[in-house]
Amino acid sequence: MLKQDIAIVWLKRDLRFTDHEPLFNAQKQQLPILLIYCFEPSVMHYDDSDVRHWRFVHQSLQDMQDKLKDHKVQIAVFHQEALFVFEKIQKKYNIATIFSHQEIGNLVTYNRDLAVKDFCTQHNIVWKEYQSNGVIRKLKSRRDWEKRWKLKMKEPPKMVGESNWRFLDIDKVWYENLKGEPLNIEITKPHKSFQMGGETMAWKYLSSFLKDRYVNYSKHISKPALSRKGCSRISPYLSYGNISMRMVYQYTMQHYSTSSNKRAINNFISRLHWHCHFMQKFEDECRMEFENVNRAYDNLVKPKNEAYILAWQTGTTGVPIVDACMRCVTQTGYLNFRMRAMVVSFFVFNLWQDWRELHYLAKQFLDYEPGIHYPQLQMQSGVTGINTIRIYNPIKNSMEHDENGEFIKTWIPELSLVPADIIHEPWKMSAMEQELYKVKIGKDYPFPIVDVEESRKAASDQVYQFKKTEAVKTEAKRILNKHVNTSKQDAKNASKQAAIIDLFNNNTPQ
Ligand SMILES: Cc1cc2nc3c(=O)[nH]c(=O)nc-3n(C[C@H](O)[C@H](O)[C@H](O)COP(=O)(O)OP(=O)(O)OC[C@H]3O[C@@H](n4cnc5c(N)ncnc54)[C@H](O)[C@@H]3O)c2cc1C
């Protein structure tokens, strides 16, 4: 029997309808369209993956399914490997074209894409992949990258028509047999401590931010408690593509002229830009997932200490701000930038552990985006050789950004009665104070597992010495050439280039 010709739109980290180039182009061709999403066991079981991510994806798909109801069609959702699904679809139908976005993913999705590419070649299938936000595939040089980013953000969005769809009337029995095991209830059940996924929620967060929350953006960005409201919180929506960067940019620009705090909006816009800047780095050198970007750091040995790692993960290091952050991110999936950088700094410097043990954080961040995560981890861990090394002082940060200890008390109930002036260093309390505030240090809450000042000094001596070695400097030059804008002006001065990258380190003191 002659197989029906079809086109597929393969949804990945682009779970939306607005400004969706694959959908936009699929709609322009004549063949019936099958929309698919695959929950792939190999990706779901990878080291960086957590149920919170798949719950968010599930909610995002539900939101899309609701919008499709009027069209009497649904996305075909599979709990199977993508390649397997394509093979089965090809047996039943004749796939002419697959439309998708380019994915800037981890090693599993990269290898899967290579296998899908081979499959397409074997079966004469055209796979049309479109650029994700401002990240350019096979970029030869960083020259003009900024200009190209702006041009991309200013292009008219790719809006699909409401009515002129031609969807495939899928064989329901065939689909039921193929779709795979039901998803775990932990994925399908909502969880009130986490932001909810979906395009509708993405626009709610963005508009409430630009309507009023943005006013305190610059003031609250470093505060662990206040940033939860003062920052946009759009990161998971960008990570799963519930909203495109272009729509965020254009919608923000629309609000610019009437905004009462233009500095805050400018700060926000520069971070949108950083989002793609980091992802471009990762796209250009994806070995960053596993290897020090500056290879010379392979010689900097850090013995693994399981007890330290466990204490850090479970929020029981005895340093309240670090523990509060770790408990908070485990339970809600969110931490502001400064606190992310601080917990990494504590891990790699004070505890002297290797950043590659930090897969744990990828699992915790609801907004986990490999393209931002790994370059940030390496930068904060001081293994790039081109950025200023920042060893955050957790006590100073605690006193400055959680002045009243409100954040600490929320996440460490053991310390809930301790007054603000001692909560940042509870080990300094006298026996009488401990009795008064109903906490026994060493029993109800631990003593610090390392001396914060001594461990900072030991790390600082080692890393600054190491940064001066010829091997680090040689690699640093290579990295600057590859990842930094080499427009004429900047190329004149390598140290100026490094300073530019440091802007991406939030440009604020430790
Ligand atoms: C160790 C470490 C790991 C990180 N991992 C991730 C990650 O997996 N996914 C992720 O989205 N962000 C990551 N970040 C960057 C940053 O912390 C988050 O993007 C930000 O806290 C998200 O909150 P928001 O949406 O309220 O940000 P806002 O401050 O409102 O910023 C708006 C958007 O700009 C982008 N952005 C903001 N800050 C940065 C930054 N420093 N670098 C790159 N993009 C930025 C994000 O897309 C963010 O949603 C990481 C930072 C560190 C230090």
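Residues numbered from 1 in each chain as written. Predicted model: local features only at pLDDT ≥ 70, side-chain atom pairs only at ≥ 80, totals over all residues.

1. Here's the deal with the overall build of the chain
Thinking step 1. The number of helices and strands found in the chain is 27 helices and 5 strands.
Thinking step 2. Relative to the 2.2 N^0.38 estimate, which gives 24 Å for 510 residues, the radius of gyration of the chain is 24 Å and therefore close to what a compact globule would have.
Thinking step 3. If one aligns the C-alpha atoms of the chain with their principal axes, the spans along those axes are about 85 × 55 × 50 Å.
Thinking step 4. Here the analysis covers contacts within the chain between residues at least 6 apart in sequence; of these, 80% occur between residues at least 24 apart. (Helix = DSSP H or I, 4+ residues; strand = E, 2+ residues; numbered from the N terminus. Rg over C-alpha atoms; globule rule 2.2 N^0.38 Å. Contact = placed C-beta atoms within 7 Å.)

2. Observations concerning the domain arrangement of the chain
Thinking step 1. When cut into domains, the chain gives domain 1 (5-130), domain 2 (133-157 + 202-282) and domain 3 (288-503).
Thinking step 2. Computed from C-alpha coordinates alone, the two centres of domain 1 and domain 2 are separated by 26 Å.
Thinking step 3. Residue classes in the side of domain 1 that touches domain 2 are distributed as 4 nonpolar, 3 polar and 4 charged. (Domains from an automatic or database assignment. Nonpolar A, V, L, I, M, F, W, Y, C, P; charged D, E, K, R; others polar.)

3. Description of the sheet that holds strand β3 (residues 76-78)
Thinking step 1. The 5 strands lie next to each other as β3-β2-β1-β4-β5, forming an open sheet whose pairing is parallel. A single partner strand is all that each edge strand has here, and the edge strands are β3 and β5 (126-130). Averaged over all neighbouring strand pairs, the angle between strand axes comes to 25°, with direction disregarded.
Thinking step 2. Direction of pairing for strand β1 (residues 5-11) relative to strand β2 (residues 33-38): parallel, over a ladder of 5 bridges. (Pairing = 2+ DSSP bridges. Axes fitted to C-alpha atoms, helices over the stretch in contact; angles between N-to-C directions.)

4. Observations regarding the site of the ligand
Thinking step 1. In the neighbourhood of the ligand, 28 residues make up the surrounding shell, with Cys231, Ser232, Ser235, Arg271 and His373 lying closest.
Thinking step 2. Of all the elements in the fold, those that place two or more residues in the shell around the ligand are α12 (235-239), α14 (262-284), α17 (337-350) and α19 (370-380).
Thinking step 3. In terms of residue count, α14 provides more of the shell around the ligand than any other element does, 6 residues in total.
Thinking step 4. Considering only residue class, the shell around the ligand consists of 15 nonpolar, 8 polar and 5 charged.
Thinking step 5. Counting contributing residues, the shell around the ligand receives three or more from each of domain 2 (133-157 + 202-282) and domain 3 (288-503). (Near = placed C-beta within 6 Å.)

5. Concerning the environment of Tyr308
Thinking step 1. With respect to the helices, strands and loops of the structure, Tyr308 is situated in helix α15 (residues 306-314).
Thinking step 2. For the pair Tyr308 and Leu351, spaced 43 residues apart in the sequence, the C-alpha separation amounts to 6.7 Å.

6. Observations concerning the environment of Gly230
Thinking step 1. Position of Gly230 among the secondary structure elements: in helix α11 (residues 227-230).
Thinking step 2. For Gly230, a count of 22 C-beta atoms within 10 Å gives the class buried.
Thinking step 3. Contacts of Gly230, omitting those with residues within four sequence positions, involve Arg213, Asn216, Tyr217, Lys219, His220 and Ile221. (Buried ≥ 20, exposed ≤ 12 C-beta atoms within 10 Å, placed from the backbone.)

7. Some remarks on the packing of helix α4 (residues 82-92) against helix α5 (residues 107-122)
Thinking step 1. Remark: α4 packs on α5, axes separated minimally by 9 Å, with the N-to-C direction vectors making an angle of 20°. The angle between the axes of α4 and α5 places the two elements in the roughly parallel class. Between α4 and α5 the crossing geometry is right-handed. Together, Ala82, Leu83 and Phe86 of α4 and Arg112, Ala115, Val116 and Phe119 of α5 make up the contact between the two elements.
Thinking step 2. Classifying every residue of the contact of α4 with α5 gives 6 nonpolar, no polar and 1 charged. (Parallel < 35°, antiparallel > 145°, perpendicular 65-115°, else oblique. Left-handed = near helix turned anticlockwise from the far one by under 90°.)

8. Some details on unusual backbone geometry
Among all residues except glycine, the phi angle is most often negative; among peptide bonds, the trans geometry is most common.
Thinking step 1. Of note, the phi angle at Asp144 is positive, near 70°, even though the residue is not glycine.
Thinking step 2. Within the secondary structure, Asp144 is located in the loop between β5 and α6 (145-154).
Thinking step 3. Look at Lys438: it is not a glycine, yet its phi comes out positive at around 55°.
Thinking step 4. As for its position among the elements, Lys438 is in the loop between α23 (431-436) and α24 (452-467).
Thinking step 5. Assessed through the 12 C-beta atoms surrounding it within 10 Å, Lys438 is described here as exposed.

9. Considering the nonpolar core
Thinking step 1. Core analysis: the biggest nonpolar cluster contains 118 residues, and Ile8, Val9, Ile36, Cys325 and Val343 have the highest contact counts within it.
Thinking step 2. For this core, the element with the most residues is α17, which contributes 9 residues. (Core = buried A, V, L, I, M, F, W, Y, C linked by C-beta atoms within 7 Å.)

10. Concerning helix α9 (residues 199-211)
Thinking step 1. Taking 1.5 Å as the rise per residue, α9 with 13 residues should run 18 Å; its terminal C-alpha atoms sit 18 Å apart, in good agreement.
Thinking step 2. On its buried side, α9 packs onto α3 (51-68), α12 and α13 (245-256). (Expected span 1.5 Å × (residues − 1).)

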